[in-house]
Amino acid sequence: MGARGELFTTQVYLDNRSYFFNVKENRTGDVFLQIVESKNRDGVEADRHQIAIFAEDMQKFLQGMEKSLDFVEKDRKERIKNAKAKKAAKEAKYGNAAAEGKKIYRVKSEKGEGKSTKADDGIKRTGKVIHIVSKK
């Protein structure tokens with residue numbers, strides 16, 4: 001038995017986090033899995049969280065993990081499917097402009113369609129910017 005009752009240890013390193021999976025045995029002989037998450041910030045170890053799963057509960061824990069992983073995979077596939085459908089609908093509406101190297105510009109309809117228009121006051125209104133026309 002290793003230090004602090006450790007029977008087995010493995011590590012997983014990610015960008016700014018490390019995960020340690022430690023199989024340990026306590027003083028009474030109970031075997032448990034200890035999962036430790038360690039977050040590093042600016043080279044200094046800042047946060048450390050741990051959970052313990054006892055041997056008799058590991059199967060239920062694993063079932064919960066498998067259900068969660070299945071949901072994540074199903075959700076990821078659904079998002080990809082929806083993104084493809086949205087892209088296909090956009091291409092059907094506007095054509096395949098991206099393949100042709102064209103940009104798509106949407107033009108807002110005139111607000112005063114069917115209504116009387118204002119008299120020309122020499123101000124050209126084009127959205128957020130107002131251009132003043134000095135000569136006609």
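It should be noted that the structure appears before, not after, this text.
Before going into details, it helps to say that this report is about the structure given with it. Quick caveat: nothing in here was measured; it's all calculated off a predicted structure. (Residues numbered from 1 in each chain as written. Predicted model: local features only at pLDDT ≥ 70, side-chain atom pairs only at ≥ 80, totals over all residues. Heavy atoms only, no water.)

Quick notes on the pairing of strand β3 (residues 31–41)
Within β3, eight of the eleven residues are buried, which leaves it mostly tucked inside the rest of the structure. As paired elements, strand β2 (residues 17–25) and β3 share nine bridges and run antiparallel to each other. Residue pairing for β3: Tyr 19 is matched across the bridge by Glu 37. (Buried < 20%, exposed > 50% of the residue type's maximum accessible area, 1.4 Å probe, protein only. Helix = DSSP H or I, 4+ residues; strand = E, 2+ residues; numbered from the N terminus. Pairing = 2+ DSSP bridges.)

Quick word on the side chain of Gln 34
Looking at the element boundaries, Gln 34 is found in strand β3. What makes Gln 34 buried here is its relative accessible area of 10%. A polar side-chain atom of Gln 34 sits 2.9 Å from a polar atom in the side chain of Lys 24. (Polar contact = N/O pair within 3.5 Å; in protein donor to acceptor, adjacent residues only side chain to side chain.)

A look at helix α1 (residues 58–94)
Counted at 1.5 Å a residue, the expected span for α1 with its 37 residues is 54 Å, and the 54 Å between its end C-alpha atoms agrees. Positive phi shows up at Gly 95, right after α1, with a value of about 85°. (Expected span 1.5 Å × (residues − 1).)

Here we look at the pairing of β2
Because side chains alternate across β2, one face comprises the buried residues Ser 18, Phe 20, Asn 22 and Lys 24, and the other comprises Arg 17, Tyr 19, Phe 21, Val 23 and Glu 25, none of which is buried. With seven bridges connecting them, strand β1 (residues 6–13) and β2 associate as antiparallel partners. Bridge pairing links Thr 9 to Asn 22 in β2. Here β1 folds back onto β2 in antiparallel fashion, the turn holding three residues.

Re the packing of aromatic side chains
Going through the model one piece at a time under the given rule, you end up with one aromatic pair. With a centroid separation of 5.4 Å and an interplanar angle of 50°, the aromatic rings of Phe 32 and Phe 54 are classed as tilted. Taken together, the residues Phe 32 in strand β3 and Phe 54 in strand β4 (residues 44–54) connect sequence positions 22 residues apart. In this structure Phe 54 comes out as partly exposed when scored by relative accessible area, which is 33%. (Phe/Tyr/Trp six-rings, centres within 6.5 Å; stacked < 30°, edge-to-face > 60°.)

Remarks on the environment of Thr 9
Tracing the sequence through the fold places Thr 9 in strand β1. When the C-alpha positions of Thr 9 and Phe 20 are compared, they lie 7.0 Å apart, and in sequence the two are eleven residues distant. A distance of 3.4 Å separates the side chain of Thr 9 from the side chain of Glu 6, its partner in a polar contact. Engagement of the side chain of Thr 9 in a polar contact is seen with the side chain of Asn 22, the distance being 3.3 Å.

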